[in-house]
Amino acid sequence: MAVPDRAGEVPAGRTLEEAVEAYLRKRLPDLVAAEVRKALEGDPARQTCRIIASKGTLDWAYPPFILASAAAAMGMDAAVFFTFYGLNLLKRDLRVQVDPIGNPAMPIPVPNLVAALPGVRSAATWMMSDMFRKKGVPSVAELRDVCIESGVRLIACQMTMDVLGFKREDLIDGIEVGGAAAFLNEASRAHVTLFV
Amino acid sequence: MAVPDRAGEVPAGRTLEEAVEAYLRKRLPDLVAAEVRKALEGDPARQTCRIIASKGTLDWAYPPFILASAAAAMGMDAAVFFTFYGLNLLKRDLRVQVDPIGNPAMPIPVPNLVAALPGVRSAATWMMSDMFRKKGVPSVAELRDVCIESGVRLIACQMTMDVLGFKREDLIDGIEVGGAAAFLNEASRAHVTLFV
Amino acid sequence: MAVPDRAGEVPAGRTLEEAVEAYLRKRLPDLVAAEVRKALEGDPARQTCRIIASKGTLDWAYPPFILASAAAAMGMDAAVFFTFYGLNLLKRDLRVQVDPIGNPAMPIPVPNLVAALPGVRSAATWMMSDMFRKKGVPSVAELRDVCIESGVRLIACQMTMDVLGFKREDLIDGIEVGGAAAFLNEASRAHVTLFV
C-alpha cells in the first residue's frame, strides 16, 4: 500500500514495502555483521584443538603435551592422537630419550663421531631433562598426567598398536584407542590442527 | 516518517524505521545464529583437508598417504603438497628408506654405532616394510595409488623441482605441479591443515 | 496504528507494525542468509596463518619462513612462533646447518659412516645453501628479513628462552616474546595452523 508521505521523509508514492526494503538495505549489513561476529565467537571450531603426536623421543614429547595442556587450561576441547613412534609416549613404562646425533640445532651441538659413542644418548637425555627440571617445567610423565587431569583426551592409534604389537595393558589407564578416520573427523571441526 | 499512533498499539510518534528496528532487534539474533549454524554445518572448510608432506623417508611416507586416503574415504576434499625431501614420494622410481640412527623411538632401537654400519639402513627399511605388510597395511606405492584412485590431489612443489633439478617425467602421472602460495590459498579454506 | 488498506495489499484493520512484521517475516530470512554468506566470506580465520617453528636446522628453517612470507604476500595475517630448537632461527648470529646423517631422503644421500666424518656437516650445509642460491631462493637470513618487512610477526617462545638460557639481546630486533597459550589463542582463530 502507499504510505502517506511527509516531505523529506519518504519519497512520494513509495509503498510500505519499498520503504522497509530501502531501510533494510541500509541497516542490515552492519547489524548482521555484528551478529555474525557474535555467532562466530561461539564457533566450536575455535574451541577445539586436535594434535597428532607421531614422534617418540624426549624432545618431541614436550610439544604435544605442553600444547594440549595449555589448550585445556584455556578451556578448549583438546585431544592428542598418538600414532607411529608417538605411541611410545603412552607406554606405562615411559622411557623417552633424545639423541644429539645429526641435530646441529641441539642446545649443545655434538659432532656426530662423538654423538655416536656409547653413553652419549643417555647423557644427552639426562642433560635435557635436567635443563627443563631446573626451570620448573614438569617431566614428560608429569605433563602426561596434567593432560589427563585437565580433561585432554589421549587416543592411541589402533593401527600402530596392531603393527607394532602393543597390547592395551602396555599403555597407561585413562586413555582411548581409536582410528585415524575417527580422529580426522574430529579434526575437521577444529581450527587448531597440528602434526607433531 | 511519524506514524499516527493509536493508544495501546504503538508508542506515540513511532516511525516506520523504529518499527522495523524494533522487530530486527527482537528477531535478528536468532535468525542470524541459525543461518550461521547452517552455514558452518555446510562450511566447506569442514570437508577440506590439506597436508604438506616435507619428508621423504619410509616412516614419514605413511602419514600423509594414510591421512589423505582416510580423508578421501570419509568424503572429504583432500590434497597433499609434496615439498622439499617430500618430493621423493612422487618419484616414478620410488625408493624410500628408513634409518634407525639417532632415533631412540624406533620399534627396535639401535645404538648409533651399530646403526652406522653398512647394511643397517637397508635392513631397517626391510624390517619396517615387512612389519606393515604382515599387518595388511598397503605399501607406500600402493597407498599412493589408493590416494590417486580415491581422488586425492597430489601436488609437486614447483620450487623444489627447480631447486633439486627434478623433471616432470621423473614424477608419476596423475599429479599436479604447483606453488606454495596456491596451496596456502586452498589451505586457508580448510579446517584440517597438517605439516608432516 | 491502522494502515489505510488498499484492496489486495494489506488486510483491513492491520496496523503498520503488523504490516511491517508480515513483510519482514517473509523477506528477512533470504536477506539475512545472503548477508551471512557475505560476512563469512570475510571470516578472519580464512585470512589468518599461524605456524610453529620447532626445528633449528637449515633444511627446516626454509618452510616456516617461506610459508609465512607467502601468506603475507597473499594479504594474510601471518605469525610464526619459534619454540624449542626453532628458537635458533631468531638468533642475531644466525648459524643454521644441515646434517645428512640418518636422512636417506637427502638430495645426495650419504652413508652414515661417511656422514659422521668431520667436515661433512659443513659441506652438506654449504651444498644445500648453494643449491638454493643458484636457483634464486633467498638465504634463510634474507627470508627472515622478508618476513619482518612484509609484516609477518615473529614470536620467540618465552619458556624456551628461559630453559635454554637465551637473553633478549641474543635475538634479532623487530620480534616479540610470548607464551604458548597466547599463541594457541591466536591459532584458534586461524584456518591455517602448521607445526614445522
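Everything here concerns the structure above.
As the structure is a prediction and not an experimental result, all values here were calculated from the model.

(A) Here's a closer look at helix H7 (residues 180-187) of chain B. Where H7 of chain B is concerned, the buried positions are Ala180, Phe183, Leu184 and Ala187 of chain B. End-on, the buried residues of H7 of chain B take up no more than an arc of 100°, which puts them together on one face.

(B) Representation of empty space enclosed by the protein in the model. One pass over the full model with this rule turns up 5 cavities of 30 Å³ or more. Volume-wise, the largest cavity comes out at about 830 Å³. Along the wall of the largest cavity there are 37 residues; nearest its centre are Trp60 and Gly102 of chain A, Trp60 of chain B together with Trp60 and Gly102 of chain C. Those elements that place two or more of their residues in the lining of the largest cavity are helix H2 (58-73) of chain A, helix H2 (58-73) of chain B together with helix H2 (58-73) of chain C. A class-by-class count of the residues in the lining of the largest cavity yields 16 nonpolar, 12 polar and 9 charged.

(C) Summary view of unusual backbone geometry. Residue and element names in this part refer to chain B. A positive phi angle, near 55°, is found at Phe84, a position not held by glycine. Tracing the sequence through the fold places Phe84 in the loop between strand S2 (77-82) and helix H3 (112-115). For Phe84, a relative accessible area of 7% gives the class buried.

(D) Here's a closer look at the interface of chain C and chain A. Taken together, the 53 residues of chain C in the interface contact 47 residues of chain A. One can count 1 salt bridge joining chain C with chain A. Notably, a salt bridge pairs Glu21 of chain A with Arg27 of chain C, separated by 2.8 Å at the nearest N-O pair. Taken together, chain C and chain A are joined by 10 residue pairs in polar contact (both at pLDDT 80 or more). Among the elements of the structure, helix H1 (16-41), helix H6 (158-164), helix H7 (180-187) and strand S5 (192-195) of chain C are those that each provide at least two residues to the side of chain C that touches chain A. Per-element accounting of the side of chain C that touches chain A gives the leading share, 13 residues, to H1 of chain C. A breakdown of the residues in the side of chain C that touches chain A according to their chemical character gives 34 nonpolar, 9 polar and 10 charged.

(E) Structural context of the packing of H2 of chain C against helix H4 (residues 120-134) of chain C. Their axes nearest at 10 Å, the elements H2 of chain C and H4 of chain C cross at an angle of 30°. Touching Leu58, Asp59 and Tyr62 of chain C of H2 of chain C are Thr125, Met128, Ser129 and Phe132 of chain C, all from H4 of chain C.

(F) A look at the packing of aromatic side chains. A complete count under the given rule lists 27 aromatic pairs over all chains for this structure. With 6.1 Å between their ring centres and 70° between their planes, Trp60 of chain A and Phe84 of chain C make a pair best called edge-to-face. With Trp60 of chain A in helix H2 and Phe84 of chain C in the loop between strand S2 (77-82) and helix H3 (112-115), the pair connects residues from two separate chains. Comparing Trp60 of chain A with Phe84 of chain C shows no difference in burial state: the two are buried. An aromatic cluster is built from Trp60, Tyr62 and Phe132 of chain A together with Phe84, Tyr85 and Phe195 of chain C, whose rings are joined through pairwise contacts. If you follow Lys55 of chain B out to its NZ or CZ, it ends over the ring of Trp60 of chain C, 4.8 Å from the centre.

Reading guide: rules and limits
Residues numbered from 1 in each chain as written. Chains lettered and ligands numbered in written order. Predicted model: local features only at pLDDT ≥ 70, side-chain atom pairs only at ≥ 80, totals over all residues. Heavy atoms only, no water. Buried < 20%, exposed > 50% of the residue type's maximum accessible area, 1.4 Å probe, protein only. Helix = DSSP H or I, 4+ residues; strand = E, 2+ residues; numbered from the N terminus. Arc of directions from axis to C-beta. 1 Å grid on protein atoms, 1.4 Å probe; cavity = no way out; pocket = protein on both sides within 12 Å on 5 of 7 lines; lining within 4 Å. Points joined across faces, edges and corners; volume = space filled by probe spheres on them. Nonpolar A, V, L, I, M, F, W, Y, C, P; charged D, E, K, R; others polar. Contact = heavy atoms within 4.5 Å. Salt bridge = Lys/Arg side-chain N within 4 Å of Asp/Glu carboxyl O. Polar contact = N/O pair within 3.5 Å; in protein donor to acceptor, adjacent residues only side chain to side chain. Axes fitted to C-alpha atoms, helices over the stretch in contact; angles between N-to-C directions. Phe/Tyr/Trp six-rings, centres within 6.5 Å; stacked < 30°, edge-to-face > 60°. Lys NZ or Arg CZ within 6 Å of the ring centre and 35° of its normal.

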